[in-house]
Amino acid sequence: MTTSNSLRKRSNKLMLRKILIEGTSTFVLCLGVGMSKDCIYCPSLVLFAALAFTAFASGSHLNPAVSVGVILKLYLTKALEKEKLLEFLIYIPVECLFGFLGALCSYSILGETKEFRIHHDYSLLQGFAAEFFFSWVLVGTVMTVAEYGESRLLGGGTVCATVLVGDYAVGKVSSAVFNPALGLGFNLMHAIKKGNYLLASDTWVYFVAPISAGVLSALFFVLLKNEIKLKVYSGK
């Protein structure tokens, strides 16, 4: 009984440390994005710095869409344990909270806020499609390099390269957010600064598009994993 309680306490402490590391990583990411203003290279470089800074110790989701995708992937592959489910579910509000704190800290340093909006030259549907597509690719890349990558740094670099491509491709369309923690955090901070506490009308896109893309990424990953297994077994 004592051994069981000791193991449980150790497990809880480990989970708490990982949750704090996940929050810290998200904070570093959001602070860096806020400080970078409109530099197209900075979000991907800051992401890599946040990953390396915490040594990938929490699994390095830094994005509620990734957490949702990983949960579904583990469920579909029958590898989802209760402890992991609880841990990754806690990650989601923690990422959003620390994303807001990063935006708040950025504002306190620069004296100005960043607001993510779909560019006026594009429709809401076009903005949603841009966020959805690159979030799908991003979450899928995260899961693939985590499963098959041999180097964490190389895998992290691959993920960051995906973010950079997305910034180049749709930055002028949807602001290239691909992360609910970023979209909600910065738009909430901007609304508070304005004093009306009203989020931009298209803020929901930065939550719904990545989360739904995370679900699709998990489904696609499981299909891809099964295809790889078939090729290995058949010798092709």
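For the structure, check the block above.
This write-up is about the structure you can find in this document. (Residues numbered from 1 in each chain as written. Predicted model: local features only at pLDDT ≥ 70, side-chain atom pairs only at ≥ 80, totals over all residues. Heavy atoms only, no water.)

### Overview of the packing of helix H2 (residues 42–53) against helix H6 (residues 152–174)
Packing of H2 against H6 brings their axes to within 8 Å, and their N-to-C directions diverge by 155°. Regarding the angle of H2 to H6, the classification is roughly antiparallel. Where H2 crosses over H6, the handedness of that crossing is right-handed. Of the residues in H6, those in contact with Pro-43, Ser-44, Leu-47, Phe-48 and Leu-51 of H2 are Leu-153, Gly-156, Gly-157, Val-159, Cys-160, Val-163, Leu-164 and Asp-167. Within the contact of H2 with H6, the residues separate by chemical class into 9 nonpolar, 3 polar and 1 charged. (Axes fitted to C-alpha atoms, helices over the stretch in contact; angles between N-to-C directions. Helix = DSSP H or I, 4+ residues; strand = E, 2+ residues; numbered from the N terminus. Parallel < 35°, antiparallel > 145°, perpendicular 65-115°, else oblique. Left-handed = near helix turned anticlockwise from the far one by under 90°. Contact = heavy atoms within 4.5 Å. Nonpolar A, V, L, I, M, F, W, Y, C, P; charged D, E, K, R; others polar.)

### Comments concerning the packing of helix H4 (residues 82–110) against helix H7 (residues 180–194)
Relative orientation of the contacting elements H4 and H7 amounts to 45°, with a least axis distance of 8 Å. Classified by the interaxial angle, the pair formed by H4 and H7 is oblique. Crossing of H4 over H7 shows right-handed handedness. Contact with H4, carried on its side by Glu-95, Cys-96, Gly-99, Phe-100, Ala-103, Leu-104 and Tyr-107, involves Ala-181, Leu-184, Gly-185, Phe-186, Leu-188, Met-189, Ile-192 and Lys-193 of H7 and no other residues of that element.

### A closer look at the environment of Ala-55
With respect to the helices and strands, Ala-55 occurs in the loop between H2 and helix H3 (64–76). The exposure class of Ala-55 is partly exposed, given its relative accessible area of 46%. Ala-55 sits 71 residues away from Gln-126 along the chain, and the two C-alpha atoms are 36 Å apart. (Buried < 20%, exposed > 50% of the residue type's maximum accessible area, 1.4 Å probe, protein only.)

### A closer look at unusual backbone geometry
As a rule of thumb, non-glycine residues mostly have phi less than zero, and peptide bonds are mostly trans rather than cis. Its identity as a non-glycine residue notwithstanding, Leu-62 has a phi of 55°, on the positive side. Within the secondary structure, Leu-62 sits in the loop between H2 and H3. Within the chain, Ala-176 stands out as a residue other than glycine whose phi angle is a positive 50°. Looking at where Ala-176 falls in the secondary structure, it is placed in the loop between H6 and H7.

### Here's the deal with the packing of aromatic side chains
Enumeration according to the criterion identifies 11 aromatic pairs in this entry. Note on Tyr-41 and Tyr-168: the rings are 6.1 Å apart at their centroids and 75° apart in plane angle, and the pair reads as edge-to-face. One end of the pair, Tyr-41, is in the loop between helix H1 (2–35) and H2; the other, Tyr-168, is in helix H6, with 127 residues separating them in the sequence. Of the residues examined, Tyr-41 reaches a relative accessible area of 43% and is grouped as partly exposed. On the numbers, 5.7 Å between centres and 80° between planes, the contact of Phe-116 with Phe-186 is edge-to-face. Within this pair, whereas Phe-116 is found in the loop between H4 and helix H5 (124–148), its partner Phe-186 is found in helix H7, the two being separated by 70 residues in sequence. One exposure class covers both Phe-116 and Phe-186, and it is buried. Aromatic rings pair up to connect Phe-133, Phe-134, Trp-136, Phe-178 and Phe-220 into one cluster. (Phe/Tyr/Trp six-rings, centres within 6.5 Å; stacked < 30°, edge-to-face > 60°.)

Everything listed here is a matter of coordinates, which is why it stays silent on function.
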